[in-house]
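Residues per chain are reported as follows:
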Amino acid sequence: MTKVLFSLPASLETYQGLGNFMYTHGLKQEMFEIVDEAINAWMEGFVTAQSRRSASTLDGYQWKNVFLPDGTTLRNVYKRTSDLAHVEGRELLFEGKCVSPAQFVNRVGGAFRNAWATIWIRFPNEGEWKQAMSLRKKTPRFKRKQGRTRGNKSA
C-alpha cells in the first residue's frame, strides 16, 4: 500500500531535533514513520488518560458531605503513631478490611473518638494533608447547619 504524505505543522526545532535524534541513534526508519508512531501513541495515551480521569470521578468514598475520590489517603495519628487508610474504588480500606472513618479511628485508638477531628486527608496527586473537619466546614450543607438557630430552622 502506497503511503500518501502531506505536510504536518511542527516547529523547526522539533523537526531538527527529530532529525538529529534519528542520526545520533542510527534510526533507519523514514521520518514520517516515526511521526506516525509518535502521534498514534500520543492519541492512545490521551484517550487512556481521559478514561482514567472520568472513571476516577465515579469511584470514591462518600463520607457524609465530603467526597473522597479513589486514591485518597487518610491518616490517623494516635500516641505518635500514624496509621493510614486508603480509598480504593468505592471502599475505605484499613489493614485490608473495609471500614468507615469512625471505625478506622476507633480501631486504632480503642476508644470513641471524633473521626472528623482526628483524620487528616491527602487527595490523589496532592502533597498537602488537610484536616477532615476543615474540609467538612467548607461544604454548603455544613454551612447551612451552622446558620440555624434554635428558634429559626430556616436560616
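Residues numbered from 1 in each chain as written. Predicted model: local features only at pLDDT ≥ 70, side-chain atom pairs only at ≥ 80, totals over all residues. Heavy atoms only, no water.

K.L.:
I tried to follow the sheet that holds strand β5 (residues 91-94) on my own but got confused; where do I start?
P.N.:
Strand pairing in a sheet relies on backbone hydrogen bonds, with the paired strands running either antiparallel or parallel. Strand order in the open sheet made by the 6 strands is β6-β5-β4-β3-β7-β8, with antiparallel pairing throughout. The strands lining the two open edges of the sheet, one partner per strand, are β6 (97-98) and β8 (130-131). For strand β3 (residues 73-78) and strand β7 (residues 119-122), the ladder comprises 4 bridges, and the chain directions are antiparallel. Within the sheet, the bridge partner assigned to Arg75 lies in β7 and is Trp120. Its contacts with the sheet place helix α3 (residues 101-109) against β3, β4 (81-88), β5, β6 and β7, and it is angled at close to 30° to β3. (Pairing = 2+ DSSP bridges. Helix = DSSP H or I, 4+ residues; strand = E, 2+ residues; numbered from the N terminus. Contact = heavy atoms within 4.5 Å. Axes fitted to C-alpha atoms, helices over the stretch in contact; angles between N-to-C directions.)

K.L.:
Just to check I follow, could you spell out the pairing of β5 for this structure?
P.N.:
Consecutive residues of a regular strand have side chains that alternate between opposite faces of the sheet. Two strands pair when backbone bridges link them, and β4 and β5 are joined in this way by 3 bridges, in the antiparallel orientation. When the sheet's bridge partners are listed, His86 is paired in β5 with Leu93. Of the strand pairs in this sheet, β5 and β6 are connected by 2 bridges, and their pairing is antiparallel. Paired with Leu93 across the two strands is Cys98, which belongs to β6. Counting the residues that bridge the hairpin from β5 to β6 gives 2 residues, and of these Glu95 lies at a positive phi of roughly 50°.

K.L.:
Sorry, what's going on with the packing of aromatic side chains here?
P.N.:
The description of an aromatic ring pair rests on the distance of the ring centres and on the angle between the ring planes. All chains considered together, the criterion is met by 3 aromatic pairs. Aromatic pair Trp63 and Trp116: ring centres 3.8 Å apart, planes at 5°, arrangement stacked. Taken together, the positions of Trp63 in strand β1 (residues 60-63) and Trp116 in helix α4 (residues 115-118) put the pair 53 residues apart, joining distant regions of the chain. For the residue pair Trp63 and Trp116, the accessibility class agrees, reading buried in each case. Sitting over the ring of Trp129, Arg75 keeps its end group 4.4 Å from the ring centre. (Phe/Tyr/Trp six-rings, centres within 6.5 Å; stacked < 30°, edge-to-face > 60°. Buried < 20%, exposed > 50% of the residue type's maximum accessible area, 1.4 Å probe, protein only. Lys NZ or Arg CZ within 6 Å of the ring centre and 35° of its normal.)

K.L.:
What is the right way to read the pairing of β3 from this model?
P.N.:
Of the strand pairs in this sheet, β3 and β4 are connected by 6 bridges, and their pairing is antiparallel. Bridging across to β4, Arg75 finds its partner in Leu84. The turn joining β3 and β4, which pair antiparallel and follow one another in sequence, is formed by 2 residues; a positive phi near 50° is taken by Lys79.

K.L.:
What is the right way to look at the environment of Gln29 in this model?
P.N.:
By the element assignment, Gln29 lies in the loop between α1 (12-24) and α2 (31-58). What Gln29 contacts, discounting residues up to four positions off in sequence, is Met22, Ile34 and Glu37. At a separation of 2.8 Å, a polar atom in the side chain of Gln29 contacts the side chain of Glu37. (Polar contact = N/O pair within 3.5 Å; in protein donor to acceptor, adjacent residues only side chain to side chain.)

K.L.:
Help me understand a negative patch on the surface in this model?
P.N.:
Taken together, the side chains of Glu30, Glu33, Asp36 and Glu37 present a region of like negative charge at the surface. The class of Glu30 is partly exposed, set by a relative accessible area of 47%. (Patch = residues over 30% accessible without salt bridge, like charges linked within 9 Å, V, L, I, M, F, W, Y side chains within 5 Å. Areas by Shrake-Rupley, 256 points an atom, 1.4 Å probe, with all protein chains shown as cover. Salt bridge = Lys/Arg side-chain N within 4 Å of Asp/Glu carboxyl O. Lys, Arg positive; Asp, Glu negative; His and termini not counted. Charge placed at Lys NZ, Arg CZ, Asp CG, Glu CD.)

K.L.:
How should the nonpolar core be read in this particular structure?
P.N.:
A general feature of soluble globular proteins is that nonpolar side chains tend to end up buried together. Counting residues in each nonpolar core, the largest one holds 21 residues, and the members touching the most others are Trp63, Leu68, Leu74, Leu92, Phe104, Ile119 and Ile121. Secondary structure elements with two or more residues in this core: β1, β2 (66-69), β4, β5, α3, α4, β7 and α5 (132-137). (Core = buried A, V, L, I, M, F, W, Y, C linked by side-chain atoms within 4.5 Å.)

K.L.:
What's the story with the layout of surface pockets in this structure? I'm lost.
P.N.:
Looking at the largest pocket, its volume works out to about 520 Å³. What lines the largest pocket is a set of 17 residues, and nearest its centre among them are Phe6, Leu8, Met31, Phe32 and Val35. Within the residue set of the lining of the largest pocket, elements represented by two or more residues are α1 and α2. No other element matches α2, which puts 7 residues into the lining of the largest pocket. In terms of residue class, the lining of the largest pocket is made up of 13 nonpolar, 2 polar and 2 charged. (1 Å grid on protein atoms, 1.4 Å probe; cavity = no way out; pocket = protein on both sides within 12 Å on 5 of 7 lines; lining within 4 Å. Points joined across faces, edges and corners; volume = space filled by probe spheres on them. Nonpolar A, V, L, I, M, F, W, Y, C, P; charged D, E, K, R; others polar.)

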